[in-house]
Amino acid sequence: MRLDGKVAIVTGGGTGIGRAVAERFVADGALVCVAGRRLELLEETSAALPAGSVRTCAADVTEQAGVTAVVETALSFGRGLHVLVNNAGMDQPMAGVVDLDLELWNQVVKVNLTGPFLMMKAVIPHMVKTGGGSIINISSLAGLVNPPGLPAYCASKGGLISLTKQVAVDYGAHNVRCNVVCPGATRTEMFVAAMTPFAEDRGMTVDEVFRAFAQDTPLRRVSETREIGGLCSFLAGDDSSFLTAAVIPHDGGAVAVDVSGAAINRLAAQRGGMRSGRT
Ligand code: NAP
């Protein structure tokens, strides 16, 4: 199997994308340490997978003590440490910089950027000892383009893209690869929670908001978490052995859509006539 003999850490592995990544890694033969603050959710991930394949670590990855505990849990498998997925993250309520509290800015940057920094700082020496490794950072489409009202989220996810390339440059000589995945809209706890007040304020359901997101996306849908699991498995395994510093949108093609093209599609839909590219 693709990940046979590999030991992986997945932060935020108790929910959403992180849980799907852990599930896919185990299916592909890896031993996985899932980390997050809520132990009960990590235990749900573990209980759904074969005994012995998952170890849980309740920890805050923005604190050095938490990071150390996560790395020790992964090392307790006794097989080295080969893969790190920095998936833990947080969203922010919509607000421009003028209205954004400094405290919230600091918290978002701490979780989305400082956490991955601390994890990589702790894990890379072990990967070097093991002869190399693969780090996968989960950024966002919002690290590449700017939706309205998300300064802390976009800046932290953009920073994570830059940090990924820096790590790839600095540790490639030790066979440590570092790539970044930029998911577009994906149906998870975090995304539903972020969209609920927006939908309620407009008298819409969250599903209607998701359909609106999908309208201008070339593949005309939002992502499933298991699809990100598959991409991460490829990046973790040896099939991607010459891939590093890659910035990979996982967005159904959304990043390629320009604003005038989206406007033409909407006008055509409202006023009749064919939308571009449709038969
Ligand atoms: P989610 O279900 O809310 O996952 C976030 C995870 O991060 C939770 O398991 C949470 O667990 C963990 N976490 C948060 N702060 C932490 C901390 N300080 N220490 C340890 N763990 C922490 O949301 P998701 O949608 O799966 O998001 C996963 C990643 O994908 C995030 O980085 C997000 O920015 C990114 N992403 C998601 C989407 C989307 O549409 N869903 C799109 C683009 C990017 P605890 O609360 O128990 O700690």
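Every chain is numbered on its own, with residues counted from 1 as its sequence reads. The predicted nature of this model means local features are confined to residues of pLDDT at least 70 and side-chain atom pairs, given and counted, to a pLDDT of 80 or more, with totals for whole chains, interfaces and linings taken over all residues. Think of the side-chain values as coming from all heavy atoms in the structure, minus any hydrogens and water.

## As for the pattern of salt bridges
Point 1. By definition, a salt bridge exists where a carboxyl oxygen of Asp or Glu is found within 4 Å of a side-chain nitrogen of Lys or Arg. Taken as a whole and judged by the stated rule, the model has nine salt bridges.
Point 2. Its salt-bridge partner being aspartate 239, residue arginine 2 comes within 3.5 Å of it at the nearest N-O pair. Residue arginine 2 is located in the segment before strand E1 (7-11), and its partner aspartate 239 is located in the loop between helix H8 (225-236) and strand E7 (247-250); the two are separated by 237 residues in the primary sequence.
Point 3. In this structure, the salt-bridge partner of glutamate 227 is arginine 221, at a minimum N-O distance of 2.7 Å.
Point 4. A simple rule labels every residue: compare its accessible area, found with a 1.4 Å probe on the protein chains alone, to the largest value its type can have, and call it buried under 20%, exposed over 50%, or partly exposed in between. Its relative accessible area of 22% is what places glutamate 227 among the partly exposed residues. A run of H or I in DSSP counts as a helix once it spans at least four residues, and a run of E counts as a strand once it spans at least two, with each numbered from the N terminus.

## Regarding the packing of helix H1 (residues 16-27) against H8
Point 1. At a minimum axis separation of 8 Å, H1 and H8 run at an interaxial angle of 55 degrees. Considered as vectors, H1 and H8 are oriented oblique to each other. Between H1 and H8 the crossing geometry is right-handed. Residues Gly16, Ile17, Ala20, Val21, Arg24 and Phe25 of H1 lie in contact with H8, whose contacting residues are Thr225, Arg226, Ile228, Gly229, Gly230, Cys232, Ser233 and Ala236.
Point 2. Asp, Glu, Lys and Arg are counted as charged, while Ala, Val, Leu, Ile, Met, Phe, Trp, Tyr, Cys and Pro are counted as nonpolar; the rest, among them Gly, fall into the polar class. Of the residues that constitute the contact of H1 with H8, the class distribution is seven nonpolar, five polar and two charged. Where helices are involved, their axes are fitted lines through C-alpha atoms of the stretch in contact, as for all axes, and angles between N-to-C directions lie from 0 to 180°. Comment on the angle field: the value is read as roughly parallel under 35 degrees, roughly antiparallel over 145, roughly perpendicular from 65 to 115, and oblique elsewhere. Take the far helix as the reference: if the near one is turned anticlockwise from it by less than a right angle, the crossing is left-handed, and if turned clockwise, right-handed. Contacts: residue pairs with any heavy atoms within 4.5 Å of one another.

## Section: a nonpolar patch on the surface
Point 1. Like-charged residues within 9 Å of one another, or nonpolar side chains (Val, Leu, Ile, Met, Phe, Trp, Tyr) within 5 Å, are grouped into patches, provided each residue has over 30% relative accessible area and no salt bridge. The protein chains shown are the only cover counted for residues, whose accessible areas, like all others here, come from Shrake-Rupley with a 1.4 Å probe. A grouping of Leu144, Val145, Val247 and Val255 is seen on the molecular surface, where their side chains present a nonpolar patch of about 250 Å² in accessible area.
Point 2. As for its placement among the helices and strands, valine 255 is situated in the loop between E7 and helix H9 (259-271).

## Topic: the site of the ligand
Point 1. In the region of the ligand, 28 residues are neighbours, and Thr15, Arg37, Tyr153, Thr186 and Thr188 sit closest.
Point 2. The term polar contact refers here to a pair of N or O atoms within 3.5 Å; inside protein, the definition further demands a hydrogen-donor-capable atom paired with an acceptor-capable atom, and it admits residues adjacent in sequence only when both atoms are side-chain atoms. A distance of 3.4 Å separates an oxygen atom of the ligand from a polar backbone atom of glycine 12.
Point 3. One nitrogen or oxygen atom from the side chain of lysine 157 is found 2.9 Å from an oxygen atom belonging to the ligand.
Point 4. Protein chains shield 95% of the accessible area of the ligand, which is 870 Å² for the free molecule.
Point 5. Secondary structure elements with two or more residues in the shell around the ligand: H1, helix H5 (151-171) and helix H6 (189-201).
Point 6. With three residues, H6 is the largest single contributor of residues to the shell around the ligand.
Point 7. Its residues placed into classes, the shell around the ligand shows eleven nonpolar, twelve polar and five charged. The criterion for a residue being near a molecule or strand is simple. One of its heavy atoms has to lie within 4 Å of it.

## A look at unusual backbone geometry
Point 1. For arginine 220, which is not glycine, the phi dihedral falls at a positive 55 degrees.
Point 2. Within the secondary structure, arginine 220 is located in the loop between helix H7 (206-215) and H8.
Point 3. We classify arginine 220 as partly exposed; its relative accessible area is 30%.

## So, H8
Point 1. Helices are assigned an expected span. That span is 1.5 Å times one less than the residue count. Across its twelve residues, H8 extends 17 Å between first and last C-alpha, which sits within 8% of the 16 Å expected from 1.5 Å per residue.
Point 2. By the burial criterion, the buried members of H8 are Ile228, Gly229, Gly230, Leu231, Cys232, Ser233, Leu235 and Ala236.

## A look at H6
Point 1. For H6, spanning 13 residues, the distance from its first C-alpha to its last is 19 Å, which sits close to the expected 18 Å at 1.5 Å a residue.
Point 2. A residue's bend is the angle separating two fitted axes: one through the seven residues that end there, the other through the seven that start there. The sharpest bend along H6 measures roughly 30 degrees and falls at methionine 195, with the proline proline 197 sitting one to four residues further on.
Point 3. Within the span of H6, buried status applies to Phe191, Met195 and Ala199.
Point 4. In the core, the buried residues of H6 are packed alongside H7.
Point 5. Within two residues after H6, glycine 203 carries a phi angle of roughly 65 degrees, on the positive side.

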